Amino acid sequence: MKHLSVKRVPIAAVVVMLFSVVPPMAQGQSILNKIKGRVEQTATQRVLNETDKAVSNGIDKAIESATAGGKTSSSDNSKPSTDGELAGSGRDTSSNPRAAIQAFSRYDFIPGDSVLYTNDLAGEAIGELPTGWNSNGSSVIVSLGDIPGQWLRMAQRTVVLTDNEQPFGSDFTVEFDMVLQYDFKGWLPPSFQFGLLASGSESTTSNKLLSDPKGEKSFYVEVSPLSDAGNIVLESYEKYTRYFNNPPTKNRLVRQWYGKVSHVAIQGQKERLRIWVDGEKLYDVPKGIPKGGAFNQLFFQLSSSPYDDEQIGVYFSNIKIAKGLPDTRHKLVEEGTFSTTGILFNTGSATVKPESAGVLKAIAEVLTQHPDIRVRIVGHTDAVGDDKANLELSERRAAAVSEMLQAEYKIEGSRLDTGGKGEAEPVADNQTAVGRTQNRRVEFIKL
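Reference entry: report on the structure contained in this document. Everything quoted here is computed from the prediction, not taken from an experiment.

Time to look at the pattern of salt bridges. Applying the stated criterion to the full structure yields 18 salt bridges. Of the charged contacts, one joins K260 and D278 as a salt bridge, the two residues approaching to 2.5 Å between their closest N and O atoms. One end of the pair, K260, is in the loop between β10 (241-251) and β11 (261-269); the other, D278, is in the loop between β12 (272-277) and β13 (280-285), with 18 residues separating them in the sequence. In this structure D278 comes out as buried when scored by relative accessible area, which is 18%. For D284, the salt bridge is made with K281, and the minimal N-O distance between the two is 3.6 Å. The exposure class assigned to D284 is partly exposed, which follows from its relative accessible area of 33%. What you see here is one network of salt bridges that share partners, running through D108, R272, R274, K281 and D284.

Shown next, in the form of structure tokens:
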């Protein structure tokens, strides 16, 4: 008994102590439940915090650039590189260029043969809207850490208009790059739009177009991001009357656009409208464009959301607008020469970019249909950089095109000759961005 009483003394003491310092039993049980809940909440919050760190990792560098008081990345964007390829397009998309081209195997986009407008945002002031552009919000130029070039960072509740003033014509192409970074927190990020409009009697940067970017006619693609996909809508308008509508469609390809540079391509042929992202065709609409008027403006729009601007990264750059509809077969077979600005390379290198696949495929088809034709492939650069370096670069680029035609499209090497002219034979003014883009070309000459 004495042994048992020794065991009971501490227990009794504890019981007395508890009743002396805690409220009645019901309230005490409530406190214990709260403590239990707090422990569970703390554990859950730790998991969420670690997840947030992983999700936010990609956006941190972009936000750092946007909030660093106008500081650029470690690379000096003001220095001209050899052959002024669009800044931002210089990043290798794959260590194996052939694999990158294969990823665009169904890509049949070919840019127009006459460049109207190009803008890589190089030289624009960090933290400011590009010169000549118009906006109703605080969208500004930023740099994105290890992603080359300068980018327009969209602010929420904002429409942005470029400084283009040239009409596109009835046959046209529009290209640009985008980067999407989202710090998903459980609610939906803002949707964004990109589209074209015909300003009619208004200027292409009129304030009226900021409140409702429709003009005489317009179309836009709206993307509503989800963590694992995105809802996409295509609509076109004739003034304020809806002309075409594709209802919202959930597309899992959108998830592949996050955290990297994606390439958007738009082609209009009279009423036909086709749109690609990263080589995948999103739309091919025979009657998607109203007949009247001529498009003359590209616009971007970002809606609102519960997120702070710092949690949302929607960026655009490397815009190229061209008119015309290249006839590869006619020019090469009948006229004897075909020149294109649609075969693109990483800056200062001979790495063929995957969005060149449409042009390469068109050339290969002509050569396959006409097995008796031999061609000389000639590379040309703009006048940025050293003359000798540009000459060597143009030769390597021509050789890279030849190698790609052989490896990917099975064209016999004996049918292909290569050479380079560097900056020696410009077709446009090297003092303008449009001129430099026209001069960076690959020429195919029938032998």
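A few words now on helix α5 (residues 328-335). Listed in full, the buried residues belonging to α5 are T328, L332 and V333. Viewed along the axis of α5, the buried residues span an arc of 85°, placing them on a single side of the element. Those residues of α5 that are buried lie in contact with β16 (337-340), α6 (357-369), β17 (375-380) and β19 (441-446). The first or second residue beyond α5 is G336, which carries a positive phi of 90°.

Cut-off values and rules
- Residues numbered from 1 in each chain as written.
- Predicted model: local features only at pLDDT ≥ 70, side-chain atom pairs only at ≥ 80, totals over all residues.
- Heavy atoms only, no water.
- Salt bridge = Lys/Arg side-chain N within 4 Å of Asp/Glu carboxyl O.
- Helix = DSSP H or I, 4+ residues; strand = E, 2+ residues; numbered from the N terminus.
- Buried < 20%, exposed > 50% of the residue type's maximum accessible area, 1.4 Å probe, protein only.
- Arc of directions from axis to C-beta.
- Contact = heavy atoms within 4.5 Å.

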